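Given next are the chains, with one letter for each unit.
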Amino acid sequence: RNFFMNLQQELNRPQPFRCLDQEVLLNFLRIGDQLDNRFSRLFREHGLTLSRFNILRSLALAERPLTCGEIGQQMIQVVPAVTSPVDHLCSQELVERNRCTEDRRVVHVAITEKGKQLVEDTMQPLRELEDRMLKQLSEADKQSLLQLLNRTRESISHCDD
């Protein structure tokens, strides 16, 4: 199918968007929602949420315990408090907390063997989903899009300046 609907058509919107900026931003929101729905469905099948998977994946990649601050810096979605998803992962025995002996205020979070296995079990279906979602785009399209997305993130980060 070569016909692509623009967002106005997809939303069955009777009026055009107020301006190009509005159309672009609403496209981001729509795409974000589509991505969130697809990723959430996959992670739910493994008893996880996106943020909990993100924490497990960060710990698995780090190959060492991380503080909650370090985990927070590596999150894809900004989570106001890392403590709550870490609590949930602890209750599932996917991670464990250990107080630092030198500084009792510092808590390190370590992934358990059970957590590592869950990350491993989730990776193949995740890779397949990622491959399917962007298969309509050429490599050149993806490179162009990546440049635009990087510039867009930069622009958004400066909007409060």
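Residues numbered from 1 in each chain as written. Predicted model: local features only at pLDDT ≥ 70, side-chain atom pairs only at ≥ 80, totals over all residues. Heavy atoms only, no water.

Draft legend 1. Molecular detail of unusual backbone geometry. Backbone geometry at Asn12 places phi at a positive 55°, although glycine is not the residue there. Following the sequence through the fold, Asn12 ends up in the loop between α1 (7-10) and α2 (20-45). By relative accessible area, Asn12 is classed as exposed at 69%. If you check the backbone angles, Glu63 has positive phi at about 55° while not being a glycine. Within the element layout of this structure, Glu63 appears in the loop between α3 (50-62) and β1 (66-67). By relative accessible area, Glu63 is classed as exposed at 73%. (Helix = DSSP H or I, 4+ residues; strand = E, 2+ residues; numbered from the N terminus. Buried < 20%, exposed > 50% of the residue type's maximum accessible area, 1.4 Å probe, protein only.)

Draft legend 2. The packing of aromatic side chains, seen in detail. A complete count under the given rule lists 2 aromatic pairs for this structure. Aromatic side chains Phe39 and Phe43 sit 6.3 Å apart centroid to centroid with 20° between the ring planes, which places their arrangement in the stacked category. With Phe39 and Phe43 both in helix α2 and 4 residues apart, the pair spans about one turn of that helix. Residue Phe39 is classed as buried on the basis of its relative accessible area, which comes to 16%. Take Phe43: its relative accessible area is 1%, and that puts it in the buried class. Pairing Phe43 with Phe53 gives two aromatic rings, centres 4.6 Å apart and planes at 25°, and the pair type is stacked. Remark: Phe53 occurs in helix α3 and Phe43 occurs in helix α2; sequence separation between them is 10 residues. Both residues of the pair, Phe43 and Phe53, belong to the buried class. Taken together, Phe39, Phe43 and Phe53 form an aromatic cluster joined through their ring pairs. (Phe/Tyr/Trp six-rings, centres within 6.5 Å; stacked < 30°, edge-to-face > 60°.)

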